[in-house]
Amino acid sequence: MSASFQLRASSWMNAVNLRSVGLVVIFILGSPVSSMEVMVSHKLNALNGSTVRLGCAFTSCYKVDNNKFGMNWTYQSTYNDTEEMFMTYKHKMTALPTAQFEDRVKFSGNLEKNDVSVTISDVQTFDEGIYNCFVRNPPDRQQGHGVINLVVITEGAGNEEHFKTRVKCSHRSLVQKRSALLIGSFLCNNEQQLPECPI
């Protein structure tokens with residue numbers, strides 16, 4: 001009888017161990033993972049000589065701690081070029097001196113609202129390129145990254161009307177993405193009033 005008791009006890013312990021392992025796996029896989037998401041407009045158009053806001057906002061499960069938070073803005077003219085940092089945050093917001101931007105870049109966000117946007121004044125054709133917004137908000141484990149492709153349109157015959165049409169189309173596209181159901185009925189009723197969007 002003691003042999004069969006030991007066999008049953010051994011089987012019972014194995015079953016308990018397997019259940020414990022299963023619960024641990026379910027807990028690890030089922031627990032919410034905090035992750036950061038960075039939201040940007042992936043393509044922006046700006047008229048030469050105008051002011052443009054490069055919007056960058058982020059979501060995080062954690063409140064911003066100024067002693068741990070970090071943010072960098074970089075610029076590169078193409079994806080193959082080296083990134084040049086022009087704005088950073090480490091305990092305070094700092095615009096870094098660059099030959100390209102000089103004093104034309106300002107922080108225009110609000111850190112308390114998870115907004116790390118910047119504004120470029122007097123946009124020039126050489127400002128066209130790729131802008132990267134990097135955000136770190138410990139204890140979030142992942143760094144957030146947003147990419148904006150800035151296209152600079154020069155003034156000239158017909159370009160201003162083309163630019164206005166592109167801005168309206170970009171806005172319409174953004175609204176469609178954010179509230180597809182609401183905008184659907186609006187577009188059906190007012191499509192003739194909106195400009196044609198080039199593909």
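Calculation criteria
- Residues numbered from 1 in each chain as written.
- Predicted model: local features only at pLDDT ≥ 70, side-chain atom pairs only at ≥ 80, totals over all residues.
- Heavy atoms only, no water.
- Salt bridge = Lys/Arg side-chain N within 4 Å of Asp/Glu carboxyl O.
- Helix = DSSP H or I, 4+ residues; strand = E, 2+ residues; numbered from the N terminus.
- Buried < 20%, exposed > 50% of the residue type's maximum accessible area, 1.4 Å probe, protein only.
- Pairing = 2+ DSSP bridges.
- Axes fitted to C-alpha atoms, helices over the stretch in contact; angles between N-to-C directions.
- Disulfide = S-S within 2.5 Å.
- Core = buried A, V, L, I, M, F, W, Y, C linked by side-chain atoms within 4.5 Å.
- Contact = heavy atoms within 4.5 Å.
- Phe/Tyr/Trp six-rings, centres within 6.5 Å; stacked < 30°, edge-to-face > 60°.

S.K.: Just checking my understanding: could you explain the pattern of salt bridges for this structure?
M.R.: Between side chains of opposite charge, a pair can form when the charged atoms approach closely. Throughout the structure, instances matching the rule amount to 2 salt bridges. The closest approach of N and O atoms between Asp115 and Arg53, which form a salt bridge, is 2.9 Å. Placement of Asp115 in the loop between β8 (105-107) and β9 (118-120) and of Arg53 in strand β3 (residues 52-54) is noted, with a sequence separation of 62 residues between them. The class of Asp115 is buried, set by a relative accessible area of 16%. Note on Arg53: relative accessible area 40%, which makes it partly exposed.

S.K.: How should the pairing of strand β2 (residues 43-47) be read in this particular structure?
M.R.: The side chains of a regular strand alternate between the sheet's two faces. Within β2, 4 of the 5 residues are buried, which leaves it mostly tucked inside the rest of the structure. As judged from the 5 bridges shared by β2 and strand β11 (residues 144-153), these two strands associate in the parallel manner. Within the sheet, the bridge partner assigned to Asn45 lies in β11 and is Val151.

S.K.: Whenever I open this one, the sheet that holds strand β5 (residues 70-76) confuses me. Can you help?
M.R.: Strand-to-strand pairing in sheets goes through backbone hydrogen bonds, with the strands running parallel or antiparallel. Reading across from one edge, β2-β11-β10-β5-β6-β7 is the order of the 6 strands in this open sheet, with mixed pairing throughout. Of all strands in the sheet, those with a lone pairing partner are β2 and β7 (93-95), marking the two edges. Going across the sheet, the axis of each strand differs from the next one's by a mean of 20°, ignoring polarity. Summarising the sheet, strand β10 (residues 129-136) and β11 pair through 7 bridges and their orientation is antiparallel. Its bridge partner being in β11, Cys133 is matched across the sheet by Gly146.

S.K.: Just checking my understanding: could you explain the state of the cysteines for this structure?
M.R.: Cysteine pairs can be covalently joined through their sulfur atoms, and such a bond is termed a disulfide. What the rule picks out here adds up to 1 disulfide. Covalently, Cys56 is tied to Cys133 through a disulfide, its sulfur atoms 2.1 Å apart. Given an S-S torsion of about -85°, the disulfide between Cys56 and Cys133 has left-handed geometry. Separated by 77 residues along the polypeptide, Cys56 in the loop between β3 and β4 (57-59) and Cys133 in strand β10 bring together distant segments of the chain.

S.K.: Would you mind showing me how to read the environment of Lys43 here?
M.R.: Looking at where Lys43 falls in the secondary structure, it is placed in strand β2. Residue Lys43 is classed as partly exposed on the basis of its relative accessible area of 45%. In this structure the C-alpha to C-alpha distance between Lys43 and Ile148, which are 105 residues apart in sequence, comes to 5.5 Å.

S.K.: Please explain the nonpolar core as it appears in this structure.
M.R.: Where a protein is soluble and globular, its nonpolar side chains tend to be buried together. Counting 30 residues, the largest nonpolar core has Phe69, Trp73, Phe86, Val116, Tyr131 and Val135 as its most contacted members. At the level of elements, β2, β3, β5, β6 (84-90), β9, β10 and β11 are the ones that each hand at least two residues to this core. In this structure, Val135 is in contact with Met36, Val38, Phe58, Phe69, Gly70, Met71, Val116, Gln143 and Gly144, ignoring residues within four places of it in sequence.

S.K.: Help me understand the sheet that holds β3 in this model?
M.R.: Read across the sheet, 3 strands follow the order β3-β9-β8 without closing on themselves; strand pairing throughout is antiparallel. Edge positions in the sheet fall to β3 and β8, since each has one partner strand and no second. Taken over all neighbouring pairs, the strand axes of this sheet differ in orientation by 25° on average, direction set aside. Across 3 bridges, β8 lies against β9 in antiparallel orientation.

S.K.: Quick question: what am I supposed to make of the packing of aromatic side chains here?
M.R.: We describe a pair of aromatic rings using the distance from one ring centre to the other and the angle between the two ring planes. On inspection of all chains with the given rule, the structure shows 8 aromatic pairs. With centroids separated by 5.6 Å and ring planes inclined at 25°, the aromatic side chains of Phe58 and Phe69 adopt a geometry described as stacked. Separated by 11 residues along the polypeptide, Phe58 in strand β4 and Phe69 in the loop between β4 and β5 bring together distant segments of the chain. Accessibility classification places Phe58 together with Phe69 in one group, the buried group. An aromatic cluster is present here, built from Trp73, Tyr75, Phe86, Phe101 and Tyr131 joined pairwise through their rings.

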